Every structure is written in structure tokens, then in C-alpha cells.
Amino acid sequence: MLALPLECLQVCDAVAQNKNMSVRILGIESSCDETAAAVVADGREILSSVVASQIDVHRKYGGVVPELASREHLRQIVPVVREALEQAKMQLADIDAIGVTHGPGLVGALLVGITYGKTLASALQKPLVPVNHLEGHVHAVFLEAHKSGSEPKLPAVCLIVSGGHTVLYEVTNAVSAQPEMAVPQGGLAPFLYRKIGQTRDDAAGEAYDKVAKLLGLGYPGGPILDRLAAAKNGVPAPVKFGSIKTRGNPYDFSFSGLKTAVLYHVREHPEYAPEIHRREESLARGERKYEQLLPLCSSQTLALVREFQNAVVRDLVDRTLAAAEELSAESILVSGGVAANSQLRATFEDRAKSKGLEVFFPSRALSTDNAAMIAAAAYSRFKSGIFADTSLNADPSLKLA
Ligand code: KG4
Ligand code: ZN
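Residues numbered from 1 in each chain as written. Chains lettered and ligands numbered in written order. Predicted model: local features only at pLDDT ≥ 70, side-chain atom pairs only at ≥ 80, totals over all residues. Heavy atoms only, no water.

Looking at the sheet that holds strand β2 (residues 34-41)
An order of β3-β2-β1-β4-β5 is seen for the five strands of this open sheet, with the pairing classed as mixed. Two strands bound the open sheet, and with one partner strand each, they are β3 (45-53) and β5 (128-132). Between one strand axis and the next, the sheet turns through 20° on average, direction left out of account. With respect to the sheet, helix α4 (residues 107-124) is in contact with β1 (24-29), β4 (97-103) and β5, its orientation differing from that of β4 by roughly 155°. Set on the sheet, helix α5 (residues 133-147) makes contact with β1, β2, β3, β4 and β5; between it and β5 the angle comes to about 95°. (Pairing = 2+ DSSP bridges. Helix = DSSP H or I, 4+ residues; strand = E, 2+ residues; numbered from the N terminus. Axes fitted to C-alpha atoms, helices over the stretch in contact; angles between N-to-C directions. Contact = heavy atoms within 4.5 Å.)

Points about the domain arrangement of the protein chain
Assigned domains of the protein chain: these are domain 1 (6-150 + 177-191 + 365-383) and domain 2 (204-329). Between the C-alpha centres of domain 1 and domain 2 the distance comes to 33 Å. Counting from both sides, the interface comprises eight residues of domain 1 and, opposite them, four residues of domain 2. Of the roughly 520 Å² buried between domain 1 and domain 2, counting both surfaces, carbon and sulfur atoms make up 59%. On the domain 1 side of the contact with domain 2, Ile55, Arg59 and Gly62 bury the most area, a combined 76% of that side's loss. Connecting domain 1 to domain 2 are one residue pair in polar contact (both at pLDDT 80 or more). (Domains from an automatic or database assignment. Buried area = accessible area lost by both parts, 1.4 Å probe. Polar contact = N/O pair within 3.5 Å; in protein donor to acceptor, adjacent residues only side chain to side chain.)

A short note on the site of ligand 1
In the region of ligand 1, 20 residues are neighbours, and Gly163, Asp209, Gly222, Asp226 and Asn341 sit closest. Measuring from an oxygen atom of ligand 1, one finds a backbone N or O atom of Gly205 at 3.1 Å. Here an oxygen atom of ligand 1 sits 3.0 Å away from a polar atom, N or O, in the main chain of Gly337. Protein burial of ligand 1: of its 550 Å² of free accessible surface, 90% is covered by the chains. Contributions of two or more residues to the shell around ligand 1 are made by α7 (204-214) and α8 (221-229). Counting residues per element, the shell around ligand 1 draws most heavily on α8, at four residues. Grouping the constituent residues of the shell around ligand 1 by class yields five nonpolar, 11 polar and four charged. Residues from two domains meet in the shell around ligand 1; each of domain 1 (6-150 + 177-191 + 365-383) and domain 2 (204-329) gives at least three. (Near = heavy atom within 4 Å. Areas by Shrake-Rupley, 256 points an atom, 1.4 Å probe, with all protein chains shown as cover. Nonpolar A, V, L, I, M, F, W, Y, C, P; charged D, E, K, R; others polar.)

Topic: the nonpolar core
Proteins that are soluble and globular tend to have nonpolar side chains buried together. The biggest cluster of nonpolar side chains holds 54 residues, and the ones touching the most others in it are Leu217, Phe308, Leu316, Val334, Leu344 and Phe348. Residue assignment for this core shows that the elements contributing at least two residues are β6 (156-161), α7, α8, α9 (256-268), α11 (290-293), α12 (299-326), β9 (331-335) and α13 (342-354). Top contributing element to this core by residue count: α12, with 12 residues. In terms of nonpolar packing, the next biggest core, distinct from the first, is built from 25 residues, Ala37, Ala52, Ala84 and Ala394 among them. (Core = buried A, V, L, I, M, F, W, Y, C linked by side-chain atoms within 4.5 Å. Buried < 20%, exposed > 50% of the residue type's maximum accessible area, 1.4 Å probe, protein only.)

Thoughts on the packing of aromatic side chains
As enumerated under the stated definition, the model contains seven aromatic pairs in all. Aromatic pair Tyr169 and Tyr193: ring centres 6.2 Å apart, planes at 70°, arrangement edge-to-face. Taken together, the positions of Tyr169 in strand β7 (residues 166-173) and Tyr193 in strand β8 (residues 191-198) put the pair 24 residues apart, joining distant regions of the chain. Assigned by exposure class, Tyr169 and Tyr193 land together as buried. Their ring planes at 80° and their centres at 5.2 Å tell us that Tyr208 and Phe308 sit as a pair that is edge-to-face. Of the two residues, Tyr208 is situated in helix α7 and Phe308 in helix α12; the sequence distance between them amounts to 100 residues. Like Tyr208, the residue Phe308 is buried in the burial classification. Taken together, the ring pairs in this structure connect Phe142, Tyr169, Phe191 and Tyr193 into an aromatic cluster. Positioned above the aromatic ring of Tyr290, the side-chain terminus of Arg227 is 4.1 Å from the ring centre. (Phe/Tyr/Trp six-rings, centres within 6.5 Å; stacked < 30°, edge-to-face > 60°. Lys NZ or Arg CZ within 6 Å of the ring centre and 35° of its normal.)

Structure, rendered in C-alpha cells:
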């Protein structure tokens, strides 16, 4: 993977050797339905972060349409990168390296960012750093913690929970785990990852999106269900969802059964149909805000949404805390789009505290896909001299561990 022109290696060397010189990395992210670019200094200081969301394009299909995603990335990539540089008050020439997501994700979408990243790297003679999107989500937590002057202690258990992923990793400091390894000069020690568990079917965010769709609540489902679940109505749940059972690995997840249970409950109770229809009409008129949908939800629907969210949150928190206890983790990291969920945050805070564990979340903006997390993850790879050449390709099922 390493075949850089001589001038480029000299730049990396000069930057890597000089402790006082700040390393500014341009991050590019295009793995799914957000075109994003950001400039981050020394892996932790966000100088700019721009995200162009494609939600409006995919909304009428109730999910991401890969062909449309690639086309939108093509339209957005140049203005988004330009905007990120402007916000950082920088020119392309001021960038020390380019970090780009090369997987996992949609192949056509990834290729847009990779091709643009490669072109910039070769035109500017700057190093190109390949980044795993999931490692980006881990670094989003560290970016946020840095803002408040804290740093999560390792080893940590990290839950990445989004529309495409629900996975638990053990995160350790590579230098503590392998004492023969030196911390790159002025750099953050690279992390080592071990996968502890993952979803066997739907990701949690996917279950949110599908349940919202079947209830006539639009796309994406997470934010609206989050708010509706918090609406007070005093009605008991019309159906009880017990804890989710998975055989074998206790840290594996499964959300498709829960989604199907909601579907069957709604099908078996025809009284839901008229209100679902009214909400679908509201969405068709473009009236999809919480304030517009709430009056169209019966108490029974609100109680059903609350029961669904209780089941998801309970499962995510139970398994993550159990893994953290078993591995004697020092902290818990939670990242990905679903990490924006209010009840998930509150429940984690509560239950982790009672076990003496610290839990870290990115801000809502850093929880969902963004490029600041990609630039942050690129930094320790840059410091370790992990670069890509022009043969870098998209890897839709790239693993972190
Ligand atoms: O990380 P992300 O932006 O993209 C993926 O990599 O999937 O996550 C998007 C997912 C969607 O499924 C969306 O419904 C969910 O995150 N989501 C939420 C919330 N905000 C976004 N799920 C639950 N509660 C939320 N507040
Ligand atoms: Zn993501």
C-alpha cells in the first residue's frame, strides 16, 4: 500500500519528526448517505466540519438508494471540501495529509470519496491515509472528550450503533498491549480492536427506521421515535416485548425479531390502520415534523413506540455493560447515529454510574456520520506511517477486527 513520491515522504517525515508542528488532516467521508469533509489538527482539534446530508433525496424511498447516493456524493464532494477548507481558513496547500474512508459502506458511494481523495493527494503530493469508517466512529468519542479536556481511559468497550452497524469492540492502547511498540512521536498511541459481538440481523438504527416506516412516521425513524417515546400519555404498553434472546455469544445482538413483533402487533390490531393512513398523508404533504405528527398519534401508538424503544435501549445497555464488566473495562464508549438517542444516553449514564464506569458519547453532530472523525482516525495512522497509494480501492465489507 506504500508507494509515495519522494517529496511526499519528505513532507511526512518533516511533519512527523517535528513535535511542535501541527498536523492538519483533511478528512473525507462518503460511505453512505452523508458527503462530509473536515479539517482536524493533531487528531483532536476540529478546525472545520461540513456535512451534506442526503436525507431529503432518500426519504421518499424509506431508505438509502445506493445509485442515488453515489450521484449525490458526486454533486456534493467538491463544494463540501471547499467549504471545509474555507471554514478552517485554509488552502489545499496548507493540508498535511488527506484521510479518506475506504470501507465499510456502499461501494459506489465510497468510490466517490476515494477517487477525489486520491486525486487531491496526487495533485498536491500529499500523503493519502486510508481510514476504516468504524474506527472513525471510535475516534468521534475521543474528539468530543478532548473538547471537555478529558480522555476516556483504556481498555474500553465501544458500542457502535447506527443504521448500518451494531457492534461491540474492546479498545486497548496498542503500546500498553505491545510494550515493544513505540508511541509515534507527538502522536496518539494507535488503538487495538477486538470484536466482542455484533448484530446477527438488523442494526438497531435499521430497526428504528423500519418500525417508523410501518407506523407511517417517515424516514429516518430514529429521531422521531426518540421524541415520540418521550411524549407523556400515561397509557400502559399495548404489548410487552420481553428481553431479546440470542443463543451463543451473549454479546451478539438481534433486532429483526423485535421489528417483526411490532409489525405483527400492528397487523393484528386494525384500529392502528386509520391513524397510520392519516400520518402517511401528512408525510406526503411534507408535514413530517414532531409537532405535526404528534397530534396524529393515538395514546396506544405512543405507548407502543415507548415499549419498542425500551426494548432496544435495555438490550443495548445490558449487553454493553455485561461486556464491560467481564473485560474489566475502564470506560464505555458509545458512537454512531443511534448514540444520539436521548433515552439511550440517559440509561447508559445512570446504569454505568451505578457500576462505577464512565461512559462517553460524542455530541449529536459527531454521533452521526461526519468527516472530523475520519480525519481524527487518520492522524494516528499518519503518525504510524500508514499510507495508501493510487491503488486504494473501496472495501464495502472492510473489518475493524
Ligand atoms: O451513523 P449514521 O448517521 O449512519 C449510518 O452509518 O447508518 O446513523 C443513522 C441511523 C439511522 O438509522 C437513524 O434512524 C438513527 O441512526 N438515529 C437514531 C437517532 N438519530 C439517528 N436512532 C435512535 N434515536 C435517535 N435520536
Ligand atoms: Zn456510520
